[in-house]
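# Chains, contacts and geometry: an overview
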Amino acid sequence: MSYRDYVIAAYAVFAAIMLWDYLAPKLQLRAALHAVRQRAARSANRVRATNTELER
Amino acid sequence: MNSSAKNRLVRWFHQLGSPPTFDRFAARWTPWAYLLGLLTMGIGLYGALFQVPADYQQGDSFRILYIHVPSAWMSMAVFALMAFYAAIALIWRIKLCEILAMACAPSGAAFTLITLATGSIWGKPMWGTWWDWDPRLTTELILLFLYLGVMGLYAAIDDRRNAARAAGLLAIVGVALLPVIRWSVVWWNSLHQGQTIRLLGESSMDASMIAPLWWMVVGTHLWFVGSLLARARADNLRREAGKDWVGKLAGHESLEQAR
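Quick summary incoming for the structure in this document. Everything quoted here is computed from the prediction, not taken from an experiment.

## What about the overall build of chain B?
Along the backbone of chain B there are ten helices and zero strands. Traced from its N-terminal end to its C-terminal end, chain B shows the element sequence α-α-α-α-α-α-α-α-α-α. Its C-alpha atoms give chain B principal-axis dimensions of roughly 75 × 40 × 35 Å. Within the span of chain B, comprising 259 residues, buried residues form 39% of the whole. Counting only contacts in chain B whose residues sit at least 6 apart along the sequence, the fraction spanning at least 24 positions is 76%.

## Quick notes on the interface of chain B and chain A
Tallying the contact residues gives 35 residues for chain B and 32 residues for chain A. Listed by contribution, the elements that provide at least two residues to the side of chain B that touches chain A are α4 (95–127), α8 (211–239), α9 (244–249) and α10 (255–258) of chain B. No other element matches α4(B), which puts eleven residues into the side of chain B that touches chain A. Taken together, the residues of the side of chain B that touches chain A break down into 20 nonpolar, seven polar and eight charged.

## Some words on the environment of Ser4(B)
Within the secondary structure, Ser4(B) is located in helix α1 (residues 3–16). Measuring from C-alpha to C-alpha, the distance between Ser4(B) and Gly128(B) comes to 62 Å, with 124 residues separating the pair along the chain.

## Comments concerning the environment of Thr196(B)
Residues and elements named next belong to chain B. The residue Thr-196 is located in the loop between α7 (177–187) and α8 in this model. Sequence spacing of Thr-196 and Asp-206 is ten residues, and the spatial spacing of their C-alpha atoms is 9.9 Å. If we skip the residues at most four places from it in the chain, Thr-196 touches Ser-203, Ser-204 and Met-205.

## Some words on helix α6 (residues 160–174) of chain B
Residue and element names in this part refer to chain B. Between its first and last C-alpha, α6 extends 21 Å over 15 residues, near the 21 Å set by a 1.5 Å rise per residue. All of the buried residues in α6 are Ala-164, Ala-167, Gly-168, Ala-171 and Gly-174. One side of α6 holds all its buried residues, which, seen down the axis, span an arc of 115 degrees. Within α6, the exposed residues directed more than 90 degrees away from the buried face are Asn-162 and Val-173. Where α6 is buried, its residues touch α3 (65–92), α4, α5 (135–156) and α7.

## Let's talk about the packing of α5(B) against α7(B)
Residue and element names in this part refer to chain B. Here α5 crosses α7 at 160 degrees, and the two axes come no closer than 8 Å. As the angle between them shows, α5 and α7 are arranged roughly antiparallel. Classified by chirality, the crossing of α7 by α5 is left-handed. Across the interface between the two elements, Pro-135, Arg-136, Thr-139, Glu-140, Ile-142, Leu-143 and Leu-146 from α5 touch Leu-177, Val-180, Ile-181, Ser-184 and Val-185 from α7. Within the contact of α5 with α7, the residues separate by chemical class into eight nonpolar, two polar and two charged.

## Topic: α1(B)
Residues three or four positions apart in an α-helix share a direction because the helix packs 3.6 residues into each turn. Here α1(B) is 14 residues long and its end C-alpha atoms lie 20 Å apart, about the 20 Å a rise of 1.5 Å per residue gives. Of all 14 residues that make up α1(B), zero are buried, and the element is exposed over most of its length.

## Here we look at the packing of α3(B) against α6(B)
Residue and element names in this part refer to chain B. Two elements in contact, α3 and α6, have axes separated by 8 Å at closest approach and are oriented at 130 degrees. Relative to α6, the element α3 is oriented oblique. In this structure, α3 meets α6 at a crossing whose hand is left-handed. Contact residues: α3 offers Phe-79, Met-82, Ala-83, Ala-86, Ala-87, Ala-89 and Leu-90, while α6 offers Ala-164, Arg-165, Gly-168, Ala-171, Ile-172 and Gly-174. Residue composition of the contact of α3 with α6, by class: ten nonpolar, two polar and one charged.

## Re the nonpolar core
Counting residues in each nonpolar core, the largest one holds 74 residues, and the members touching the most others are Ala10(A), Met82(B), Leu100(B), Ala101(B) and Cys104(B). Among the elements of the structure, α1 (4–55) of chain A together with α2 (19–51), α3, α4, α5, α6 and α8 of chain B are those that each provide at least two residues to this core. With 16 residues, the single largest contributor to this core is α4(B).

Reading the values: the criteria
- Residues numbered from 1 in each chain as written.
- Chains lettered and ligands numbered in written order.
- Predicted model: local features only at pLDDT ≥ 70, side-chain atom pairs only at ≥ 80, totals over all residues.
- Helix = DSSP H or I, 4+ residues; strand = E, 2+ residues; numbered from the N terminus.
- Buried ≥ 20, exposed ≤ 12 C-beta atoms within 10 Å, placed from the backbone.
- Contact = placed C-beta atoms within 7 Å.
- Nonpolar A, V, L, I, M, F, W, Y, C, P; charged D, E, K, R; others polar.
- Expected span 1.5 Å × (residues − 1).
- Arc of directions from axis to C-beta.
- Axes fitted to C-alpha atoms, helices over the stretch in contact; angles between N-to-C directions.
- Parallel < 35°, antiparallel > 145°, perpendicular 65-115°, else oblique.
- Left-handed = near helix turned anticlockwise from the far one by under 90°.
- Core = buried A, V, L, I, M, F, W, Y, C linked by C-beta atoms within 7 Å.

This is the structure we're talking about:
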């Protein structure tokens, strides 16, 4: 194959950027769901702390 | 289409604007769009690398065309789509359209980067240089900066709706660049070759070389649908983070249950 290195480099760039395009939203989705879970956990802890105070 | 089917379609379209409905829709169709995109691009890449004969002038370097041209088309099509969504969002204040417009930007930037990088790699053996301030190359570079501007503006403003409106306006104004990119090789003396492939009319490329290109064009479109839905879903969840349906989705007990 002529110009093999150039062809390989171009296809490697394409593959790398497409991989990023696939992974980036997946990571964003995971981060968004993680933030929601943390938020829910914080709210639950606050409610538990308030209930404990009232029981005393 | 009869009126009942039309009503159902309109109702479905309205329902899709609701964040939980969109989330379910995106979660369902994203993997399919990625998978179909990957399969279609796989067929195209196989043809491009192993079936199509080498060009009589450019040798095998012309195989870069099969990723360069679909990416270049996508870089412009995605920008036009982003501006379209942004215009709908600005006129009718539809939140989902803001989300979709902003979700277009990173994918469009990725395709623009692929176009510039693969063009540069192709240019070195053919033109003897990695870069030239040629009208086509320069306008495509400006397109990348516009994408980065939209992304940066959206990230810089805390209020999501105001951020989307400001960035959307930039997207709408930026559409003026698209015809300049498209016709740059006609209007100015350009190092970049003229139009080789035509959607309407006869292409100046040999018929034996065309098929993988269309596979790649369809594949990149399908891939983009997957990417758009995935990004929009993530942004939708971030915006709706305080809502109960998102809490349930995240698999946690709601505040009511904790009480």
